[in-house]
There are 2 protein chains.
Amino acid sequence: MSRAVAGPEIERLIQLLARLPGLGPRSARRAALHLIKKREALMAPLTAALQTAMEQIVVCKTCGNIDTRDPCTVCIDPRRDPSIIVVVADVADLWALERAQAINARYHVLGGTLSPLDGVGPGDLAIDPLISRAHDDAVKEVVLALNATVDGQTTAHYITDLLQNADVKVTRLAHGVPVGGELDYLDEGTLSAALRQRTLF
Amino acid sequence: MSRAVAGPEIERLIQLLARLPGLGPRSARRAALHLIKKREALMAPLTAALQTAMEQIVVCKTCGNIDTRDPCTVCIDPRRDPSIIVVVADVADLWALERAQAINARYHVLGGTLSPLDGVGPGDLAIDPLISRAHDDAVKEVVLALNATVDGQTTAHYITDLLQNADVKVTRLAHGVPVGGELDYLDEGTLSAALRQRTLF
């Protein structure tokens, strides 16, 4: 607001909400008003949930997942196959793979990908702890579930090199046509990969 | 997440964020992760701002604006013209008019518009307090800044009737072509109104 129509506290709430991904200045104002109107039904529980998150959320020292316990829910889950470690760049990727329910394994969150341009080197990522984990006798396979971007693939190659002395199979996600995707809109690289890795019908 | 990959506290934070207007389930997950990553820079101040809002935000008993003081910043501002009351349906409309900086007046927030279909009657809105305020000798004009919808205009007519015995001029926003708008895309009602209320160039 250009002129003061309320105390600075509301303006501050709007400014902080506007820094959330997906909210701009306009939607942050709408969100703030919505919160103020739904004071008991939404603002109170959200405040409490953030307070709880502030106090309790920790990063798992084993895998880098975020949770309210360390080791995290995934690391202590006895129903998960301890022989497979799925390497992801970010917790968001871990969540995405879990939503797909495609693998029942443990994870390792790198905290990003190697990116010389952005000044991200091996020391900035949780690569050393991954190598240590991979040398555990129980671990038989490391799945590199990294983005199919230059940075993601550079990171995958770097880790593969470091794992050569570990007694593990190193695998990566298949390239191919996304489910529901139309060939006409796909790039040549994806189409070539999908053809090379074609499977029996 | 379909399987537990973290404690229920994170899931609860995501669910509450997803109830903000403008955020869906996917963007709520991104927002939650962003908050957790920017723990000190964003989550801590946002938690504090919400806590402050919970404790301090009140509705102004005079005009219905939300603020951390009652009477609110607008009602006590001595630079505002006390002879004009701008009637709006919602605090969001008050904010929008203030951003336009088009009038330096006091406001009155109705808290909605009359809507028989939704069961909103005159008793559900702050209409009686408006009529009382309009009878104050200092008030010379009531500007009905209500939506140009059926409900908004019904409300405007209802208030105009009630104000007939008050010594005030009742005005409403002009209809016309929005600034930057193209005639070809405007409805006939707007074009007719814009022609009828044409002004000297």
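Every value quoted in this text rests on a predicted model; they were computed, and no experiment measured them. (Residues numbered from 1 in each chain as written. Chains lettered and ligands numbered in written order. Predicted model: local features only at pLDDT ≥ 70, side-chain atom pairs only at ≥ 80, totals over all residues. Heavy atoms only, no water.)

Digging into the interface of chain A and chain B
Note on interface size: it is often stated as the accessible area lost on association of the parts. At the junction of the two partners, chain A supplies 65 residues and chain B supplies 65 residues. Between chain A and chain B we count two salt bridges in total. With a shortest N-O distance of 2.7 Å, Lys37(B) and Asp90(A) are connected by a salt bridge. Counting across the interface, chain A meets chain B through ten residue pairs in polar contact (both at pLDDT 80 or more). Put simply, the parts of the chain that give the side of chain A that touches chain B at least two residues each are helix H1 (8–17), helix H2 (25–37), helix H3 (39–56), strand E2 (66–67), helix H4 (73–76) and helix H5 (91–100) of chain A. With 17 residues, H3(A) is the single largest residue contributor to the side of chain A that touches chain B. Among the residues making up the side of chain A that touches chain B, the classes are represented as 35 nonpolar, 13 polar and 17 charged. (Contact = heavy atoms within 4.5 Å. Salt bridge = Lys/Arg side-chain N within 4 Å of Asp/Glu carboxyl O. Polar contact = N/O pair within 3.5 Å; in protein donor to acceptor, adjacent residues only side chain to side chain. Helix = DSSP H or I, 4+ residues; strand = E, 2+ residues; numbered from the N terminus. Nonpolar A, V, L, I, M, F, W, Y, C, P; charged D, E, K, R; others polar.)

Here we look at the relation of the copies chain A and chain B
One copy of the chain maps onto the other through a rotation about an axis plus a displacement along that axis. Under the fitted operation, chain A is carried onto chain B by 0.0 Å of movement along the axis and a turn of 180 degrees, and the coordinates agree to an RMSD of 0.0 Å. Taken together, the rotation and translation relating the two chain copies correspond to the operation of a two-fold axis. The position closest to the rotation axis in chain A is occupied by the C-alpha of Thr47(A), lying 3.0 Å away. When the interface residues of chain A are mapped onto chain B, 100% of them are again interface residues, pointing to one common binding face. (Least-squares fit on C-alpha atoms with pLDDT ≥ 70 in both.)

So, H5(A)
Every buried residue of H5(A) is listed here: Val91(A), Leu94(A), Trp95(A) and Glu98(A). The buried residues of H5(A) all sit within an arc of 100 degrees when viewed along its axis, so they share a single face. Buried positions along H5(A) lie against E2, strand E3 (81–88) and strand E4 (105–109) of chain A together with helix H1 (8–17) and helix H2 (25–37) of chain B. For H5(A), the capping residue at the N-terminal end is Asp90(A), with a side-chain oxygen 3.0 Å from the backbone nitrogen of Ala92(A). Just downstream of H5(A) lies Gln101(A), where phi reads positive at about 50 degrees. (Buried < 20%, exposed > 50% of the residue type's maximum accessible area, 1.4 Å probe, protein only. Arc of directions from axis to C-beta.)

Some details on unusual backbone geometry
All names here are of chain A. For the peptide bond that leads from Asp 70 to Pro 71, omega is 5 degrees, which places it in the cis range. Take Pro 71: it is sitting in the loop between E2 and H4. Positive phi is not limited to glycine here, since Gln 101 has a value of about 50 degrees. With respect to the element layout, Gln 101 can be found in the loop between H5 and E4. For Gln 101, a relative accessible area of 48% gives the class partly exposed.

Brief notes about the pattern of salt bridges
Inspection of the entire model under this criterion finds 14 salt bridges over all chains. Arg69(B) is paired through a salt bridge with Asp67(B); the nearest N and O atoms lie 4.0 Å apart. Relative accessible area serves as the criterion here: at 0%, Asp67(B) is assigned to the buried category. Salt bridges sharing partners connect three or more residues here, namely Asp77(A), Arg79(A), Arg80(A) and Glu98(A).

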